[in-house]
Amino acid sequence: MSGALGGLLGLVGMSAVAGILVTAAVAPAVALSGMAATNTINVFDSLPEYLSIDRLSQKSNIYASTDAADPVGTRVLLASFYEQNRVDVASDAISQFAKDAAIAGEDPRFMEHGGVDIQSSFNGAVQTLAGGDTRGGSSITQQYVKNVLIQKCEVMTDADEADACYSDATKPTADRKLREMRLAIGIEKKYEKEDILRGYLNIAGYGGSVYGIEAAANYYFNTTAALLTLPQAASLVAIVNNPVKFQLDHPDSETNGAANGYADNKFRRDYILNEMLKYDKIAQADYDAAVAAPVEPVITVPSTGCQTAGDNAFFCDYVTKVLKNNETFGATAEERLDNFTRGGFDVYTTLDLELQATAVAALNANIPKVVNDWNVGGVVSSVQVGTGNVLVMTQNKDYSQDPAVQATGANYTSVNYNTDFAYGGSGGFQPGSTYKVFTLAEWLKEGHALTERVDSRRKSNWGNFQDSCLGVRNYDNDSPPFNPRNDSNEGGTNYSALQSTTGSINTGFIGMAKKLDLCGIRTTAEAFGVHRADGADLDQGAASVIGTNEIAPLTMAVAFAGIANNGMTCSEIAITKIIGSDGTELPIPKSTCQQSVEPSVAAGMQYAMKTVMTRGTAVQSNNRTTHSLPMIGKTGTTDGSKDTWMSGATTKVATVVGVVNVGGSNWKSQRSRNAYLNGMYTAEARHRIWPIIMSKANERYGEGEFPEASSSVINAVSVPVPDVRGKSMSDAKSAIEASGFLFVDGGVTSSEMPAGTVANTDPAGGSSSSRGSSITAYSSDGTGVTIPAVIGKSEADARSTLTAAPYGFTVAKTEQITMDKAQDGKVVAVQPGEGTASRPGDAVTIVVGKYTAPNADASTDKKDE
């Protein structure tokens with residue numbers, strides 16, 4: 001076949017190629033003259049001419065800012081993401097050295113031909129047909145076409161389709177070469193030479209995942225494409241010719257490494273420099289200096305992934321999850337992620353770097369990353385009130401998504417403990433008593449006041465709870481029984497809602513829930529944006545009132561910001577701006593704000609939560625925080641003191657701090673005698689961390705006054721106490737509770753009332769008392785008597801009555817001077833008073849009047865005076 005037949009086939013093939021190349025040679029003239037290309041390029045009729053130039057795959061960046069007012073001007077790079085490390089730059093951002101090197105080294109006649117260099121292509125075609133393989137000869141435009149076709153393959157999501165596409169775009173055959181030529185001619189007819197050269201330098205591969213002249217300049221020489229020196233530019237263009245052979249990031253290579261001065265690259269670089277000299281792109285002196293310069297790469301590995309964001313890595317990871325999960329960025333998760341990793345986006349975020357650094361330092365000082373006998377975690381989330389901006393997100397662990405790295409130490413994790421499962425892999429934590437604020441909100445919504453009292457006795461027979469969604473709930477027969485105790489074993493029986501909030505009284509809040517709708521409490525929590533971290537529905541059982549749902553710290557921070565914002569809750573946002581690769585601003589998710597409760601209700605919540613700070617369970621946090629105006633807050637502790645929380649806000653910033661168990665049974669009670677971290681008592685760690693963060697927040701964002709709560713929200717309504725004397729104790733209990741009071745059985749007392757009936761109440765029937773307060777009823781033992789009516793009787797008659805059965809009183813006497821002769825010798829008073837309950841035989845004192853005539857002289861003297 002290499003003999004006569006091969007020569008014959010070669011002759012035929014060369015004739016066809018020659019015809020094509022002659023046609024290609026006149027293409028520019030055709031384009032300029034306006035003649036239809038199909039009138040001349042008949043041989044190309046079956047080949048496509050148009051090639052769409054899609055957006056290049058570029059790296060995307062996530063930034064935080066040191067000044068929210070100027071996010072672009074004060075931006076700090078957190079991390080970059082890419083499948084191809086590329087930054088598409090304009091022509092004027094590329095060194096002229098790089099442009100000249102590309103033309104001289106790859107396509108010296110680039111500025112003259114119409115997309116196909118006839119001479120180079122003819123030589124390449126001869127070698128292709130003679131040797132059965134493609135050999136060189138491609139113009140810059142043809143190389144650009146090939147790279148564009150390959151890029152189209154790169155963005156395909158189906159692996160098989162992508163492989164087939166790549167094979168078709170790179171197969172070493174003549175028909176692929178002919179199609180490439182046809183498309184190159186079409187490109188030349190549509191674009192200016194400068195645009196084609198810019199596109200070529202931006203799309204070309206420079207080894208590994210480095211694409212484009214800007215990324216190559218950054219990676220290999222720690223500079224920009226605009227600032228490339230002559231030898232640097234020539235070295236980079238050299239790589240394009242054969243990236244694997246000429247790339248500069250393998251210093252140990254025997255053929256192209258540091259030991260031999262990157263000999264392969266230098267050889268190709270010097271060839272390009274010689275070509276530049278040959279075509280008058282550089283002067284002899286420039287050439288001599290460049291050839292003499294050693295190849296000295298300064299490999300600068302780009303920020304790739306959130307692991308490079310350091311202390312801000314978990315927030316960075318959260319931002320990537322927002323980009324992946326929010327439909328603003330695409331129809332599917334795959335499309336959204338692809339858009340991000342290829343789109344060349346600059347993403348600006350809400351993170352406050354100064355406040356974040358303060359939180360990180362405070363957390364590190366109090367919660368170690370690793371404790372051998374305790375899988376302890378520390379979390380902080382801060383949200384700006386009124387905007388939903390996430391200002392702080394940190395935890396006491398180092399970030400890594402690499403299982404191999406995670407295996408090196410317990411300090412590494414990929415789980416973001418501050419967020420929902422869908423945004424970081426965490427199942428959330430029980431917020432404990434910080435969740436009580438939603439029962440407080442429902443209490444006030446339903447018209448109850450802060451000073452209204454409830455039955456807060458500890459018991460296991462709470463009876464029925466109303467639930468408009470699931471029906472009446474009863475836990476009396478549960479095993480174990482529902483019998484919540486108070487954190488400090490408080491034993492009050494009739495706490496007010498305000499007292500229960502200030503002191504975080506569990507039984508007080510269960511008593512409040514008894515008067516509410518459990519479904520209503522859940523709905524109110526949801527109105528503040530509260531939801532389970534695992535995506536399941538919130539539990540609304542009685543136990544949920546004291547914080548048993550697993551919720552993300554960020555969710556609780558958003559809710560507390562809503563309370564501080566007068567009941568207006570704004571959903572969290574982490575992104576303030578996205579700039580596309582073309583400089584246009586792209587749509588982003590916006591915070592949505594809703595009125596969770598009326599401002600009057602929110603004011604009542606704020607009033608109660610201020611007392612938590614000033615005289616309740618959060619006094620330590622309040623006293624350690626630098627502030628000039630009141631703050632609101634609520635503490636929380638879960639069963640066994642496994643997790644502890646400090647959640648609170650000013651009118652500007654809400655912060656949640658938690659010290660939590662982050663998995664498994666390896667945990668301690670934070671109140672145990674050996675629960676010390678960094679030499680400090682763990683149960684108080686939240687009260688050391690929160691003040692540091694909020695002091696800095698107050699410095700940066702200022703403070704504001706919370707509105708005053710109305711009297712009707714604070715003070716319970718006074719209602720008449722029913723008169724239940726003589727009723728059975730059960731009837732009395734029904735009547736008292738129906739009037740909105742707590743019935744308390746005061747035991748048995750001596751009374752003339754029939755045994756077993758109510759002798760009296762305290763406060764007495766007919767008086768007024770605050771709704772919800774306790775009314776103590778005393779049961780008669782039936783043996784009592786009342787002091788009979790003896791006033792006005794003679795002393796003798798009074799004695800006779802008082803000493804006779806059934807009274808048998810012991811009677812004493814005192815006298816009282818009277819000038820009324822009719823009262824002489826008559827009883828004018830009795831102690832105890834008439835009608836007073838007494839026992840037979842008790843002592844009674846009668847007061848008897850003694851008449852004394854007026855002194856006439858004294859009366860006259862008095863008048864004279």
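The following refers to the structure shown. Bear in mind the structure is a predicted one, so any value in this text is a computation, not a measurement.

## Here we look at the overall build of the chain
Working step 1: Helices and strands together make up the secondary structure of the chain, namely 29 helices and 28 strands.
Working step 2: Looking at the 865 residues of the chain, the share that counts as buried comes to 51%.
Working step 3: Long-range contacts, defined as pairs at least 24 residues apart, comprise 71% of the intrachain contacts of the chain with a sequence gap of at least 6.
Working step 4: With an accessible surface of roughly 37,000 Å², the chain has 51% of that area assigned to carbon and sulfur atoms.

## Digging into the sheet that holds strand β23 (residues 774-780)
Working step 1: Taken together, three strands build an open sheet; the order of strands is β20-β23-β21 and the sheet is mixed. Of all the strands in the sheet, just β20 (742-749) and β21 (758-762) have a single pairing partner and so form its edges. Taking each pair of neighbouring strands and ignoring which way they run, the sheet shows an average axis angle of 25°.
Working step 2: Looking at chain direction, β20 and β23 are connected through six bridges and run parallel. Within the sheet, the bridge partner assigned to threonine 749 lies in β23 and is serine 780.
Working step 3: Strand contacts of helix α27 (residues 729-738): β20, β21 and β23, with the helix running at about 150° to β20, the strand carrying the most contacts.

## As for the nonpolar core
Working step 1: Val347, Phe438, Phe465, Phe528, Val530, Ile575 and Met605 are the most contacted members of the largest nonpolar core, which totals 90 residues.
Working step 2: Ignoring sequence-local partners within four residues, the contact set of methionine 605 consists of Val437, Leu440, Ala441, Leu444, Phe528, Ile563 and Val597.
Working step 3: Ranked by size, the runner-up nonpolar core spans 56 residues in total, among them Ala98, Ile187, Leu197 and Leu228.

## Concerning helix α8 (residues 193-203)
Working step 1: Taking burial as the measure, the eleven residues of α8 include eight buried ones, the bulk of the element.
Working step 2: Listed in full, the buried residues belonging to α8 are Lys193, Ile196, Leu197, Gly199, Tyr200, Leu201, Asn202 and Ile203.
Working step 3: Structurally, α8 contributes buried residues whose contacts are with α3 (96-106), α5 (140-154), α7 (174-190), α9 (213-221) and α10 (230-241).

## With respect to the packing of aromatic side chains
Working step 1: Overall, the coordinates contain 13 aromatic pairs when judged by the stated rule.
Working step 2: Aromatic pair phenylalanine 314 and tyrosine 399: ring centres 5.3 Å apart, planes at 90°, arrangement edge-to-face. Of this pair, phenylalanine 314 sits in helix α14 (residues 313-325) while tyrosine 399 is found in strand β6 (residues 398-399), placing the two residues 85 residues apart along the sequence.
Working step 3: The exposure class assigned to tyrosine 399 is buried, which follows from its relative accessible area of 10%.
Working step 4: The ring of phenylalanine 110 has lysine 193 sitting right over it, with the charged end atom 4.4 Å from the ring centre.
Working step 5: Over the ring of tryptophan 462 we find lysine 459, and its NZ or CZ is 3.7 Å from the ring centre.

## Re the pattern of salt bridges
Working step 1: Following the criterion strictly, the structure yields 34 salt bridges and no others.
Working step 2: The closest approach of N and O atoms between lysine 321 and aspartate 317, which form a salt bridge, is 2.9 Å. Placement of both lysine 321 and aspartate 317 in helix α14 is noted, with a separation of four residues, approximately one turn of the helix.
Working step 3: Residue classification places aspartate 317 among the buried positions, given a relative accessible area of 3%.
Working step 4: Through salt bridges with shared partners, a single ionic network connects Asp352, Glu354, Lys696, Glu699 and Arg700.

## A closer look at the environment of leucine 629
Working step 1: Among the structural elements, leucine 629 can be located in the loop between α24 (619-624) and β14 (632-637).
Working step 2: Spatially, the C-alpha atom of leucine 629 lies 9.6 Å from that of threonine 651, the residues being 22 residues apart in sequence.

## Considerations on helix α15 (residues 333-342)
Working step 1: Taken together, the buried positions of α15 are occupied by Arg336, Phe340, Thr341 and Arg342.
Working step 2: Buried residues along α15 sit against β1 (60-65), β2 (75-81), α5, α14 and β3 (346-352).
Working step 3: Looking at the residues trailing α15, positive phi occurs at glycine 344, about 70°.

Calculation rules
- Residues numbered from 1 in each chain as written.
- Predicted model: local features only at pLDDT ≥ 70, side-chain atom pairs only at ≥ 80, totals over all residues.
- Heavy atoms only, no water.
- Helix = DSSP H or I, 4+ residues; strand = E, 2+ residues; numbered from the N terminus.
- Buried < 20%, exposed > 50% of the residue type's maximum accessible area, 1.4 Å probe, protein only.
- Contact = heavy atoms within 4.5 Å.
- Areas by Shrake-Rupley, 256 points an atom, 1.4 Å probe, with all protein chains shown as cover.
- Pairing = 2+ DSSP bridges.
- Axes fitted to C-alpha atoms, helices over the stretch in contact; angles between N-to-C directions.
- Core = buried A, V, L, I, M, F, W, Y, C linked by side-chain atoms within 4.5 Å.
- Phe/Tyr/Trp six-rings, centres within 6.5 Å; stacked < 30°, edge-to-face > 60°.
- Lys NZ or Arg CZ within 6 Å of the ring centre and 35° of its normal.
- Salt bridge = Lys/Arg side-chain N within 4 Å of Asp/Glu carboxyl O.

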